[in-house]
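Below are the chains, spelled out letter by letter.
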Amino acid sequence: TCKELSLFTPPESDSEEGETSAKRKAKKATKRSFDWMLGDVSSTSTGAAGDLLITPFGGASGGVEGGLVAVCDRAGQGVIIQTDNDAVQRDLGHFQRFFGGSRRADVGRRAPTLNIPRTTARKATSPKHGKEDPNNDPHVGGNTWAGGTGGADTAGLGGVGGPYRLDKGHNVHQVSDEAKQAVPEEVRKAAREMAEKAFKERMDEINMSSGEAQVYFNIRGRVQGEIEQLRSVLDSIESKSHEREWLKHQTHGELDDTKLVDGMTGDRHVFKRRGYPEHYDDRFGKGKHPKRIHFVMDVSGSMYRFNGLDQRLDRSLEAAVMIMEGLAGYEEKFTYALVGHCGDGPELIPFVSHQSSPDNEKERFKIVQKMAAYSQYCMSGDHTLEAAIEAKKEVAAQDGDEHYVVLLSDANLRRYGISSSQFRRAIESGSSLREKNVKAFAIFIASLGDEADRLVDDLPRGSAFVCHNTKKLPQIFREIFTTAAQ
């Protein structure tokens, strides 16, 4: 039993004066967990799995109190598993208040939300924004409040017939795809018109205030170290057009077979050797043209929809800031375009062009806002394949030392019937030799289940990466440039 293993010791009592109510509650919750762990569980029913002991925990007559389950092994290691969704969220709040959040959480990250399937769905009738709840209470399955989940007509998440997505930070109750497909066409049309109107109003609103500046600086602060790492990577990249080459007509080196006759007549310049030409400019390692990079950002609805689950949209915006900040000042070696794709159609959404990159924080923040707005207001659907093909065409049309396409995606392809073989054909496609020579890579910044790992396994080695943490992006870019050079 857990008691016999004696794995845990209850925390000592603390009677310090001035202790906050939240801290006292957190300590009580922690002590209750230890009390449950040391309680008598000998009367409960158990199930064995190999060398594991699995037992309901702490409830009367073998019941499970608060969703707790104890798992122990013969080596003396044990763990308590909380299986109740509401209790997980409550305990997480206690932990964060008691021990403090991480550095990233302190500068704007939020705790993950839960995704809860909903078996019933309200009928969609007429899209609307919905009423604003001043208390921001969770609303499930209705059609009154903005930011509700699993309902109908109003802006929210997980429901049907609403005009656009709206995340209020609550757990998401998700209706089925069948319920979504049953929405009448006239309701879909009205929702689309309302979303387009709201999107236009949002674009008109974008004008950087002091509050917006603080938001941007928070995003940049989370990736400041990665920006410096990326710049170090860029510093180390040399121009392909200025790699060492064979220098002929030399007075030393290897004998040049094409100069044998000249040597017999007394010419001393009959050797060749590897080196840089005399006109080589190594101040920046630059070539005749800069390297061209097309970054294709996923701004589809799933990025916003599942951001509460794993912060995929947050990571995408952080990646965009890292790219814009990291590449600033390297225009002689690199130029880049930042484009997006979503469910509205196969056309690429221009954010940054090769000819005009953002000059300041205000312009960069506008791009970040636009990316978030597209993800919130766009229609459902996926055009990753079309985006990859079109990006290769666009970047190949630019004169450059080398050409790259880098797709950042949440790997939500299986839902739309897109296979790994189709994805591979898209990134290897090209209607001309120049397009075929464009080096294409995919970075999956999120995944539902093992979809991202499965795609990486099926794609050519070194062409796809899984990145659930923006700290890894500079190293991935280093691998991309190294792979391309090989």
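Residues numbered from 1 in each chain as written. Predicted model: local features only at pLDDT ≥ 70, side-chain atom pairs only at ≥ 80, totals over all residues. Heavy atoms only, no water.

Draft legend 1. Summary view of the overall build of the protein chain. Within the protein chain, the regular secondary structure consists of 18 helices and 17 strands. Looking at the protein chain residue by residue over its 486 residues, the buried ones come to 44%. The contacts of the protein chain with a sequence gap of at least 6 include a subset with a gap of at least 24, amounting to 65%. As displayed, the protein chain has an accessible area near 25,200 Å², and 49% of this comes from carbon and sulfur atoms. (Helix = DSSP H or I, 4+ residues; strand = E, 2+ residues; numbered from the N terminus. Buried < 20%, exposed > 50% of the residue type's maximum accessible area, 1.4 Å probe, protein only. Contact = heavy atoms within 4.5 Å. Areas by Shrake-Rupley, 256 points an atom, 1.4 Å probe, with all protein chains shown as cover.)

Draft legend 2. Representation of the packing of helix α7 (residues 210–222) against helix α12 (residues 312–327) in the model. Where α7 meets α12, the closest approach of the two axes is 9 Å, and the angle between their N-to-C directions is 85°. If you check the angle between α7 and α12, you find them roughly perpendicular. Here Tyr-216, Ile-219, Arg-220 and Arg-222 of α7 lie close against α12, whose contacting residues are Leu-317, Glu-318, Val-321 and Glu-325. Considered class by class, the residues forming the contact of α7 with α12 number four nonpolar, no polar and four charged. (Axes fitted to C-alpha atoms, helices over the stretch in contact; angles between N-to-C directions. Parallel < 35°, antiparallel > 145°, perpendicular 65-115°, else oblique. Nonpolar A, V, L, I, M, F, W, Y, C, P; charged D, E, K, R; others polar.)

Draft legend 3. Layout of the sheet that holds strand β13 (residues 334–342). Strand order in the open sheet formed by six strands is β14-β13-β12-β15-β16-β17, and the pairing between neighbours is mixed. Each edge of the open sheet carries a strand with a single partner, namely β14 (345–352) and β17 (464–466). With strand direction ignored, the average angle separating the axes of adjacent strands in the sheet is 20°. Sheet contacts for helix α13 (residues 361–377): β12 (291–298), β13 and β14; angle to β14, the most-contacted strand, approximately 160°. (Pairing = 2+ DSSP bridges.)

Draft legend 4. Examining the nonpolar core more closely. Counting residues in each nonpolar core, the largest one holds 60 residues, and the members touching the most others are Phe-295, Leu-338, Ile-443, Phe-477, Ile-480 and Phe-481. A per-element tally of this core places α12 first, with nine residues. Contacts of Phe-477, omitting those with residues within four sequence positions, involve Leu-230, Val-233, Phe-295, Met-322, Ile-323, Val-406 and Ile-443. If you look at the next biggest cluster of nonpolar residues, it comprises 25 residues, including Leu-385, Ala-388, Leu-413 and Ala-440. (Core = buried A, V, L, I, M, F, W, Y, C linked by side-chain atoms within 4.5 Å.)

Draft legend 5. View of the environment of Asp-84. For Asp-84, the position within the fold is in the loop between β4 (78–82) and α3 (85–99). Sequence separation of Asp-84 and Gly-67 is 17 residues, and the distance between their C-alpha atoms is 4.9 Å.

Draft legend 6. Structural context of empty space enclosed by the protein. A full pass over the atoms with the stated rule returns three cavities of 30 Å³ or more. Counted as a void, the largest cavity has a volume near 80 Å³. In terms of lining, the largest cavity is formed by Leu-230, Leu-234, Ile-293, Phe-295, Leu-327, Tyr-404, Val-406, Phe-477, Ile-480 and Phe-481. If you list the elements that add at least two residues to the lining of the largest cavity, you get α8 (224–235), β12, β15 (403–409) and α18 (473–485). Ranked by residues supplied to the lining of the largest cavity, first place goes to α18 with three residues. Class assignment for the residues of the lining of the largest cavity results in ten nonpolar, no polar and no charged. (1 Å grid on protein atoms, 1.4 Å probe; cavity = no way out; pocket = protein on both sides within 12 Å on 5 of 7 lines; lining within 4 Å. Points joined across faces, edges and corners; volume = space filled by probe spheres on them.)

Draft legend 7. Spatial organisation of the confidence of the model for the protein chain. Confidence in the prediction for the protein chain averages 79 pLDDT; 77% of positions are at 70 or higher. Note on residues 97–108: pLDDT under 50 across the span, and 21 contacts to partners over four residues away in sequence or across chains. (pLDDT = per-residue confidence, 0-100.)

Draft legend 8. Representation of the side chain of Arg-305 within the structure. Along the chain, Arg-305 turns up in helix α10 (residues 301–305). For the buried residue Arg-305, which engages in no salt bridge, the nearest side chain bearing the opposite charge is Asp-167, 7.5 Å off. Within polar-contact distance, the side chain of Arg-305 engages the side chain of Gln-174 at 2.5 Å. Apart from residues lying up to four places away in sequence, Arg-305 is in contact with Asn-115, Leu-157, Gly-158, Arg-165, Val-172 and Gln-174. (Lys, Arg positive; Asp, Glu negative; His and termini not counted. Salt bridge = Lys/Arg side-chain N within 4 Å of Asp/Glu carboxyl O. Polar contact = N/O pair within 3.5 Å; in protein donor to acceptor, adjacent residues only side chain to side chain.)

Draft legend 9. Examining unusual backbone geometry more closely. In this structure, Asp-153 is a non-glycine residue whose phi angle is positive, near 80°. Along the chain, Asp-153 turns up in the loop between β6 (148–149) and β7 (156–157). A residue is classified by how much of its surface remains accessible, and Asp-153, at 2% relative accessible area, is buried. Although it is not a glycine, Gln-311 sits at a positive phi angle of roughly 60°.

Draft legend 10. How the structure looks around the pattern of salt bridges. A complete count under the given rule lists 19 salt bridges for this structure. We note a salt bridge from Glu-132 to Lys-168, for which the minimum N-O separation is 2.8 Å. Residue Glu-132 is found in the loop between β5 (115–117) and β6, and its partner Lys-168 is found in the loop between β7 and β8 (172–174); the two are separated by 36 residues along the sequence. When its relative accessible area of 28% is taken as the criterion, Lys-168 is described as partly exposed. Between Glu-402 and Lys-439 there is a salt bridge, with the nearest N and O atoms lying 3.6 Å from each other. Note that Glu-402 is positioned in the loop between α14 (384–396) and β15 and Lys-439 in strand β16 (residues 439–444), a separation of 37 residues in sequence. Relative accessible area serves as the criterion here: at 8%, Glu-402 is assigned to the buried category. Ionic contacts of the salt-bridge type, sharing partners, join the residues Arg-220, Glu-325, Glu-361 and Arg-364 into one network.

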